[in-house]
Amino acid sequence: MALALTGGRVLNGRGLVEGLGVVIDGGRIVAVGPEAEALARADQRYDLAGGALVPGFVDTQVNGGGGVLFNDDLSVEAIAAIGAAHRRFGTTGFLPTLISEDLDAIDRAMRAVEQAIQAGVPGVLGVHVEGPFLNAARAGIHDKAKFRVLDARASALLGSLKAGRTLVTLAPERTDPGCIRKLAQDRVVVAAGHTDATYEQIGEALTAGVTGFTHLFNAMSPLASRAPGAVGAALEDQTAFCGIIVDGRHIHPAVLRLALRCRPLDRFMLVTDAMPSVGLTEKTFSLQGRMITVQDGVCVGPDGTLAGSDLDMASAVRNTVEMLGVDLADALRMASLAPAQFLGLDHELGRIAPGLRADLALLDDQGRVVTTWIGGQLPD
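Residues numbered from 1 in each chain as written. Predicted model: local features only at pLDDT ≥ 70, side-chain atom pairs only at ≥ 80, totals over all residues. Heavy atoms only, no water.

A.B. asks: Help me out: how do you make sense of unusual backbone geometry in this one?
C.D. replies: Both trends apply: most residues other than glycine have a negative phi, and most peptide bonds are in trans. The peptide bond linking Gly131 to Pro132 adopts the cis configuration, its omega dihedral lying at 20°. When you line up the elements, Pro132 lands in the loop between β12 (126-130) and α4 (152-158). At His215, a residue that is not glycine, the phi angle is positive and equals roughly 35°. Examined against the element boundaries, His215 turns out to sit in the loop between β15 (210-213) and α7 (229-236). The phi angle at Gln288 is positive, at roughly 50°, despite the residue not being glycine. By relative accessible area, which is 23% here, Gln288 ends up partly exposed. (Helix = DSSP H or I, 4+ residues; strand = E, 2+ residues; numbered from the N terminus. Buried < 20%, exposed > 50% of the residue type's maximum accessible area, 1.4 Å probe, protein only.)

A.B. asks: Mind showing me how you'd approach the nonpolar core here?
C.D. replies: Nonpolar side chains tend to gather and get buried jointly when the protein is soluble and globular. Formed by 82 residues in total, the largest nonpolar core has its most connected members in Phe57, Phe70, Ile79, Val168 and Leu270. Among the elements that make up this core, the one with the highest residue count is helix α3 (residues 103-118) (eight residues). Not counting the four nearest positions on each side in its chain, Leu270 is found in contact with Val58, Ile244, Val246, Met313, Ala316, Val317, Thr320, Ala331, Met334 and Ala335. Listed in part, the 15 residues of the second largest apolar core include Val10, Leu20, Val22 and Leu53. (Core = buried A, V, L, I, M, F, W, Y, C linked by side-chain atoms within 4.5 Å. Contact = heavy atoms within 4.5 Å.)

A.B. asks: What is the right way to look at the pattern of salt bridges in this model?
C.D. replies: Considering all chains together, one arrives at 16 salt bridges under this definition. Linking Arg333 and Asp330 is a salt bridge whose minimum nitrogen-to-oxygen distance equals 3.1 Å. One end of the pair is Arg333 and the other is Asp330, both in helix α10 (residues 328-334) and three residues apart, which spans about a single turn. Judged by relative accessible area, Asp330 falls into the partly exposed class, the value being 27%. When the shortest N-O distance is used, the salt bridge between Arg357 and Asp359 registers 2.9 Å. On the accessibility criterion, Arg357 (25% relative accessible area) is partly exposed. Judged by its relative accessible area of 6%, Asp359 is buried. The structure contains a network of salt bridges with shared partners spanning Asp107, Arg111 and Glu114. (Salt bridge = Lys/Arg side-chain N within 4 Å of Asp/Glu carboxyl O.)

A.B. asks: For this particular structure, what's the right way to read the packing of aromatic side chains?
C.D. replies: Two measures describe an aromatic ring pair: the distance that separates the ring centres and the angle between the ring planes. A full pass over the atoms with the stated rule returns two aromatic pairs. Geometrically, the ring pair formed by Phe241 and Phe342 is tilted, given 5.8 Å between the ring centres and 55° between the ring planes. With Phe241 in strand β16 (residues 241-244) and Phe342 in helix α11 (residues 337-342), the pair connects residues that are 101 residues apart, well separated along the chain. As far as burial versus exposure is concerned, Phe241 and Phe342 are alike and both buried. (Phe/Tyr/Trp six-rings, centres within 6.5 Å; stacked < 30°, edge-to-face > 60°.)

Take a look at the structure:
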């Protein structure tokens, strides 16, 4: 039965607009127009109560949530639990993210994602394999003992997902442009991260098929006066997508404000890099044998190394407005349309428009999530 969502503001190309209604039917948006027309087309009405109806958030880097770490439990049940934890904060599409592991674990993670998609687990869009093809000089919290070269066997595995999108984060200097090109030809989305690459090496990787940067500024060669590094290459480039963690701790807000002036705003996407603590009051967990604690809202290892985040997407949107001075409508697009475009899913997600999947979030005046729809369905 067709459902009309009315009585609030709807995000479209002009911003958050009053007087519009959205009709969903069969899991998709079938109409967006004046409220009277929407009500005439629908069998039922949902009152938005003055809230903001926005595209559901798409998070390309979700290590865990709700007490579950994907690395520890490569199962459909774990993926469902992580998705449910983040759905409370407006995330309607996500990539379970595997932190550097051996090829057997990568294989099991990919098969679990296939099964989750086949089973209809809400929100799962694919898998993010973050490492182990990284540079030990920029390891961050990753286990250097897991690092390896991207060979033909690994490349074939990364291209083997039968449902959903595969995103791989790698250090371009630890492979060659031909390997990157092969992954791109196999429809793998390739991002540079945990990299000590030179400006020139990043340029070659972008030409070969890298289309994104994983958590810009963090765990990559910095911008210096005579060595622009990965950061300089990313800021100069105008087309690749840059993931940013806007929690005020991973990157100083002033640095991000400068970055936003260097390249198109619509090529930045919000990510959480979230850990199991998101959605819980318990703020400690284990990662590959190391105890991680949340201190002042930041996940850190025993030596103080940053270990992902305790951030959710709704908070990331609010932080982007409050810390970076970004217009709310633009911040919302950075959390929805930009990551959908990065994954090549903007024909399905990221906007409120007829024909797209009805993945939506309703926000109150403080930017907190009231409820969500995934495929037109409210949470159970």
